[in-house]
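Coordinate inspection notes
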Amino acid sequence: MADDDAPVLYEIRRHASGPCVSNYPPQEVNEAPGGSFLSLISGVSRLKQKWDEYREPRKPKRLISMFVSPSGEHVAVAVGNRITILRRKDDYQEPCGIFINRSFCTFTAGAWSDYHDVLGVADDSETLYFIKSNGNEIGRIMRRNLKVPLPIISLIAPDDHDMQKSSLCGFMVVTCDGSFQHIEICQDSTASVSSTQYSNNSSTLKGQLQDIICLDYHPKLFLLAVVGRDVGGLSLSKGSSGCYLLSFWRRNATSDLEHLYSTEFKAVYSLPKGCQCHQSYPKVLISPRGTLAAALDVTGEMHIFRLDTRGLSLVNSSLAGRSEVQDLLSGILDFTWWSDRILTLSKRGGATTMIDVTNGLKAMDSDPAYSISVLQRVQEVEGHLFLIETTPSDHSAINKEKNGSHIVDQITEYNFDQFDLSRLQWSLISFSEKSIQEMYRILIFNKKYEAAMEFAHCHGLDRDDVMKSRWLHSDQGKHAIKDFLIMIADQDFVLAQCVEKVGSTEDAAKSLLEHGLRLTNQYVFSKSEDGNRAIWDRRMTRLQLLQYMDRLETFMGINMGRFSMQEYFKFRDMPLNNAAVKLAESGKIGALNLLFKRHPYSLIPFMLEILAAIPETVPVQTYRQLLPGSRPPANIVLREEDWVECEKMVNFIQKLPMDDETAIKFKTEPIVKRCLPCCWLPTDEILSWYKKRAVDIDSFSGQLDNCLCLVDVGRSTGINALQHFYEDISYLNQLIYTDCVDGDLNISLSLVAWEDLSDYEKFKMMLRGVKVETVIERLHNKAMPFMQNRLHGAALFFEDKVESFLVRWLREIASENKLDLCLVVIDEGCRDFGHNGFFKDEAEAVDSTLQCIYQCSSTDQWSNMATILSKLPQVQGNADLEGRLKLAEAHIEAGRTLAFYQVPKPISFFVEAHLDEKVVKQIFRLILSKFVRRQAGQSDNDWASMWRDMQSLREKAFTFLDAEYMLIEFCKGLLKAGKFSLARNYLKGTSTVALAPEKAENLIIQAAREYFFSASTLASTEIWKAKECLNLFPGSSAVKAENDIIDALTSKLPRFGVTLLPVQFRQIKDPMEIIKMVITSQPGAYLDVDEIIEVSKLLGLRSKDDISAVEEAVAREAAVAGDLQLAFDLCLVLVKKGHGFVWDLCAAIARGPGLENMDVNSRKLLLGFALSNCDEESISELLHAWKDLDMQGQCETLMTLTGAGPNFSVKSALVNSDPVEQTEEASSLTAGVVPINGSTTDNRVGHLSTTKNIILSIARDLPLETGSMWDSLILENERISSFAASELPWLIQLSRTVGSSKKLNSGLIFGENYVNVRAYAVVTILSWLAKMGFAPRDYLIVSLAKSVIESQATEWEDILGCSVLLNLVDAFNGVEVIEEELRRRQNYQEICSIMNVGMKYGLLHNSGVECEDFNQRRELLLRFFKEKHMPVSSDEMEKFGNVQSTFWRNGN
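Note that the structure is a prediction, hence the values are computed from the model and not measured.

What follows covers the environment of phenylalanine 900. With respect to the secondary-structure elements, phenylalanine 900 resides in helix α31 (residues 879–900). A residue is classified by how much of its surface remains accessible, and phenylalanine 900, at 52% relative accessible area, is exposed. Measuring from C-alpha to C-alpha, the distance between phenylalanine 900 and isoleucine 927 comes to 9.8 Å, with 27 residues separating the pair along the chain.

See below:
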């Protein structure tokens, strides 16, 4: 807030407005007397209402209410049952929310909660509404739900104390008896309302005051001002003046009210019944700072009180002596505080005024008038209030009356219900305090220039702002410059306006620029230049003004005196090159010429670009004065230079950092002239532009004469380099537009395409479409002059010989096979070498002719070639050309010969024929082939003539071919033709060439094969021809082989039922396929093995491998047919031959059923062969099969030695369901086996147990944990159960036989050593356990070791026995064996041997503990026995002794 003594300055702004919608229904018509019972009840209700009005007069109704939030963020305007909510963000212009009450009531009290943006209001039916700022209702409390006496006097929004107590939105409701009720509202989607009534008297006014009229609460000071009656001062006279009490209360932190001051005053707050005068709404307000308070009664009287430490004092008494003050304080409709000492009053007459309550003076000069005003201030800001004005609507009948506002003023509480509110509208107006500067700016902004001038005069403000505004809002013409701009003292502003603004007319624009030039004329350069930047800025401004002045004159010139402010504004800042380009594009040559004359130096860098923008269809003559030459124009005239356009200014500009767009504004023509490094364009750029421009003219317009004129102008201006280009255009123009008599020249060619052509291509274009009749004329008239011109110029620059265009053209048309044209030109050129100029001399003519002939690819112009050669002159002394001529003649004759034999080739073929000899040979083959087919039954003379022609071709064209080859090809032809007798003669040789016998033999074989393979049946004559052909050389082995094949296909194979045509035989690459066909052709065909082998030999399968393959195929077919005996016999033969491919068949037979002469050894032989030759995938399976056979062989060996075999089988008991009687003999063979009688299930279980016990008696560590798994293993693995049941008991019995001295030689594991039967049985058991993956028990190993050691007491047997003992689990079992053997022996050598073995055994056993796998143990064993003869060191002996002593000690 400004200083208290400062004048009141404020801005009045209008905001939103709206209609006053009628919200009352039409008056109900009373029913006639004597009505129903319901009418009686209605009458009683009306009597009760009358009595209540007598006891408590009703309050005056409010037409409009306004509720302003404490911060001014929201303003709510309540009209009837509608509340319109406005917000500061929208400048209170548009509603942010609208609330409409369904009941027909007006709103009497309300308050805003700024923290929650919630409005709480109460209507005249005592219903509370809680509304969000968007107009949505979040809760309401009906009259019947309130628990306090009525009516409601006011709503108090929460202050800081309330916000600390609860985060919910709360309001305090105050009723007329002084009761307070706190209301809290939840703002979520399920809004709920809760109320709490204060029962503590210290928190309410109940009992302190009676009939509370109005109150005001100051939230910052926690002050409460209340107007009401004292409890002891009740007055019974209603409607007369009485004493009222104004009391002040302070609300503390506990929400208790503390009484501060009270004072009585006389006022009227109720009018007598029936009084229809105007009433004001009772109101009391505390000043913003809490030093004053004002109360308004219903008569419009204002009572002002001062608050100080002594209490309350009535200010009205101090101002009572002044009648004007009394007038101001009476007849008030509404009021509010402007500041702490100034009241804003709304009078009943419509005037709104401000009064300073400290001195009674008015605070504003004029009183604006507003009809039915409602005033409210923003609590948190002084000097900011809102006013609601109610006026007749624009379309209402009240507004049409002369005294419409007076009629609005006549609305009272008695006619309020009958008045139609829709005839009115409301408007929101704000008063905002402003400072002197702000008020000054507002006056200027509102264009109140006279008031602004007076305001500036009163407050000593700068009047430039007024003049600036008037200038800116003027037409900125000559009068505006004189009246306003000149009056402005701010030169920076004036110069800126002179630069930035453009007048609406030429005179105005020019006057503005001239005024700027006059102002800057004072900044001329002086000797005592101080370098002030402001002065340099003024000079830069002068340059810009000069530039704009020049641009103005140029603009008027190019527009022929017509001025357009918008166009000139664009033009003056536009780069001149862009403006010139636009003029050029529009074809305004005159305006463009003027632009070049007035701004030549600015446009010279862009001249070519500008001229290129001229449409190509514009004639060059119209702008030839603008076309550039080799030198700049000599008549450049500029205006007189200004004093600022000097060298100093140029240096200053060049130091400034500015872009090109900014520099344009300051660089006038004199400045540009000084800045240009070069005043003209480079000649190369101008030359390139002329060429490109000519090309563009031709491309876009097709006006070749315009191009010719353009280049001609360039030549005339000194661009001599355009001469060649000019000639090219002239030739093209002549070529296109010259009339052709023969009509064969129709050319449509662009200049760019013409320029892209080389000189030769241009020459060729001149001869395009010529014929034999016109070629000579065209050459003489067009082509030859052009060629002589260009070749003469090229000869001046190039030392090398330049090729003639004519010669090159002749070669090209010759390549197109147009030899008729070549013939005419060469004939013409060879007539007179000195005058026609076709050829330089005879050598060139001959060379060119030969080139033309060899360029021709035609094969039917041999006569033309010969004629052309006949036209050539004689060349004397040039051996090269003479040789080439003779060679050409020979090639022509050779070409004719090839054409005769229907194998035409171009003449160029003979030149490079030696590079591809295969092609030439193919030609001769083709000739012979066609000759054979063309002349069937030809005579021997014809063939002789054919031989002579072939020799002639070789001599003239194909000298590189061998004569022997020619004879071979000729003999082939004879054989194909069936001339066998004639071929016999030529095969012997001719007078010039002889044929080697090997080659003749090969030739005959190839011919016979062709005949044979071409036979369609076995009875075809071609087979006879093949035999006849072979009979030419009957004694040759190769010929005999061919005859064998023929015999095999024609006689041998049909016997087996196989019929193969020669062509089918040719497609079979492997003769074995035929053998397979023979074997499978008929049932039992495989039995005739010898005949099959003979057929294979006829077919060429004669080697040992081939015969073995045939036997393999027979064996396989026999096996498929079930003849296993034949297959077995053949496999034995193939095994002896080492034919490994039959291994799979050998394996199958070895594992198959028994055959005659097939024993175990035979099977093992076949399996061993299969193992030696099989693939990796089959090794494991075959190895298992071989082991089975080996085990079977061992058992058979034992049976042979003992003469007995196994007679007990557990397998039968496992498989057979019937009970089996076991003999006591069988039971005695197995330990713990008892005969089992009973049911089938018991018998099976018993035999399972017996088999398991047999295995456990010899196996040590079993891989299975439970017996049930053992049972499943025995049942599922037939090999285990079968062998364990049938063989193991017998083998175990043999291994336990004592005293069996019968020995046998076995190489099972001991090489050539002899072992007894018991040891052999033990070895067999161990082999079976190893095969099945079971570990043997130690007693078996001990038994085997004893057998080895006891067999022969030699060192080798002792070592073998020790090796066996190393497999023991318990090493001390081995110690016992060695000690026992030591005690048994008597011989010293035998004792030493066993002792040495014992020491080795102990050392190996202790060393083997550290070995992790069998490989390490094996390596350890080999190392020890390899070192048995090496001396032992002392350390090793000591270590060995310690180990031995420890080992043997533990063993004992």
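Following the structure, the description resumes.
Closest axis-to-axis distance for the helix α43 (residues 1104–1121)/helix α44 (residues 1124–1137) pair is 8 Å, and the angle between their directions is 155°. Taken together, the axes of α43 and α44 lie roughly antiparallel to each other. Considering how the two elements wind past one another, α43 and α44 form a crossing that is left-handed. Of the residues in α44, those in contact with Ile1107, Ser1108, Glu1111, Glu1112, Val1114, Ala1115, Ala1118 and Ala1119 of α43 are Leu1124, Leu1126, Ala1127, Leu1130, Val1133, Leu1134 and Lys1137. Here the contact of α43 with α44 is composed, by residue class, of 11 nonpolar, 1 polar and 3 charged.

It is worth spelling out helix α14 (residues 576–585) at this point. In terms of burial, α14 is a largely internal element, 7 of the 10 residues being buried. Every buried residue of α14 is listed here: Leu576, Asn577, Ala579, Ala580, Val581, Leu583 and Ala584. Each element contacted by the buried residues of α14 is listed here: α12 (533–558), α13 (565–573), α15 (589–598), α16 (600–603), α17 (607–612) and α20 (669–675). Downstream of α14 by a residue or two, glycine 587 has a phi angle that is positive, lying close to 75°.

Time to look at the confidence of the model for the protein. Summing up the model confidence of the protein, the mean pLDDT is 78 and the portion of residues at 70 or higher is 81%. Contacts from residues 400–410, a stretch scored under 50 in pLDDT, to residues over four places away or in other chains number 18 contacts.

For the rest of this paragraph, the subject is the nonpolar core. Ranked by size, the top nonpolar core spans 250 residues in total, and within it Phe763, Leu779, Leu806, Trp809, Leu810 and Phe958 carry the most contacts. Looking at this core element by element, the count peaks at 11 residues for α12. For phenylalanine 763, the contacting residues outside a window of four places in its chain are Leu779, Ala783, Met784, Phe786, Met787, Phe805, Leu806 and Trp809. Ile1254, Phe1283, Leu1288 and Leu1360 belong to the second-largest nonpolar core, a separate cluster that totals 45 residues.

Within a regular strand, the side chains alternate between the two sheet faces. Of all 6 residues that make up strand β22 (residues 332–337), 5 are buried, and the element is covered over most of its length. In terms of strand pairing, β22 meets strand β23 (residues 342–347) through 5 bridges, oriented antiparallel. The residue bridging isoleucine 332 from the neighbouring strand is lysine 347, located in β23. Between the antiparallel neighbours β22 and β23 lie 4 residues.

Attention shifts here to the packing of aromatic side chains. Following the criterion strictly, the structure yields 30 aromatic pairs and no others. Centre to centre, the rings of phenylalanine 958 and phenylalanine 960 are 6.1 Å apart; their planes meet at 80°, and the pair counts as edge-to-face. Since its relative accessible area comes to 27%, phenylalanine 960 is described here as partly exposed. Taken together, the ring pairs in this structure connect Phe909, Phe910, Phe924, Phe958 and Phe960 into an aromatic cluster. Geometry around phenylalanine 335 places lysine 283 over its ring, the cationic atom sitting 5.3 Å from the centre.

In this fold, alanine 753 is placed in helix α24 (residues 751–756). A sequence separation of 54 residues divides alanine 753 from serine 699, and the C-alpha atoms of the two residues are 9.8 Å apart.

The strands making up a sheet are joined through hydrogen bonds of the backbone, oriented either antiparallel or parallel. Sheet architecture is open: 4 strands sit in the order β14-β15-β16-β17, paired in antiparallel fashion. Whereas interior strands pair on both sides, the edge strands pair on one side only; in this sheet they are β14 (209–218) and β17 (257–267). Taken over all neighbouring pairs, the strand axes of this sheet differ in orientation by 20° on average, direction set aside. Bridge count between β14 and strand β15 (residues 223–230): 7 bridges; the pairing is antiparallel. Bridging from a neighbouring strand, aspartate 216 pairs with alanine 225 of β15.

This part is about the environment of tryptophan 337. Mapped onto the elements, tryptophan 337 comes out in strand β22. Judged by its relative accessible area of 1%, tryptophan 337 falls in the buried class. In this structure tryptophan 337 touches Leu285, Ile286, Ser287, Pro288, Leu292, Ala293, Ala294, Ile342, Leu343, Val357 and Arg377, once residues within four positions along its chain are discounted. From its side chain, tryptophan 337 meets the backbone oxygen of leucine 285 in a polar contact 3.2 Å long.

Cut-offs used in this document
- Residues numbered from 1 in each chain as written.
- Predicted model: local features only at pLDDT ≥ 70, side-chain atom pairs only at ≥ 80, totals over all residues.
- Heavy atoms only, no water.
- Helix = DSSP H or I, 4+ residues; strand = E, 2+ residues; numbered from the N terminus.
- Buried < 20%, exposed > 50% of the residue type's maximum accessible area, 1.4 Å probe, protein only.
- Axes fitted to C-alpha atoms, helices over the stretch in contact; angles between N-to-C directions.
- Parallel < 35°, antiparallel > 145°, perpendicular 65-115°, else oblique.
- Left-handed = near helix turned anticlockwise from the far one by under 90°.
- Contact = heavy atoms within 4.5 Å.
- Nonpolar A, V, L, I, M, F, W, Y, C, P; charged D, E, K, R; others polar.
- pLDDT = per-residue confidence, 0-100.
- Core = buried A, V, L, I, M, F, W, Y, C linked by side-chain atoms within 4.5 Å.
- Pairing = 2+ DSSP bridges.
- Phe/Tyr/Trp six-rings, centres within 6.5 Å; stacked < 30°, edge-to-face > 60°.
- Lys NZ or Arg CZ within 6 Å of the ring centre and 35° of its normal.
- Polar contact = N/O pair within 3.5 Å; in protein donor to acceptor, adjacent residues only side chain to side chain.

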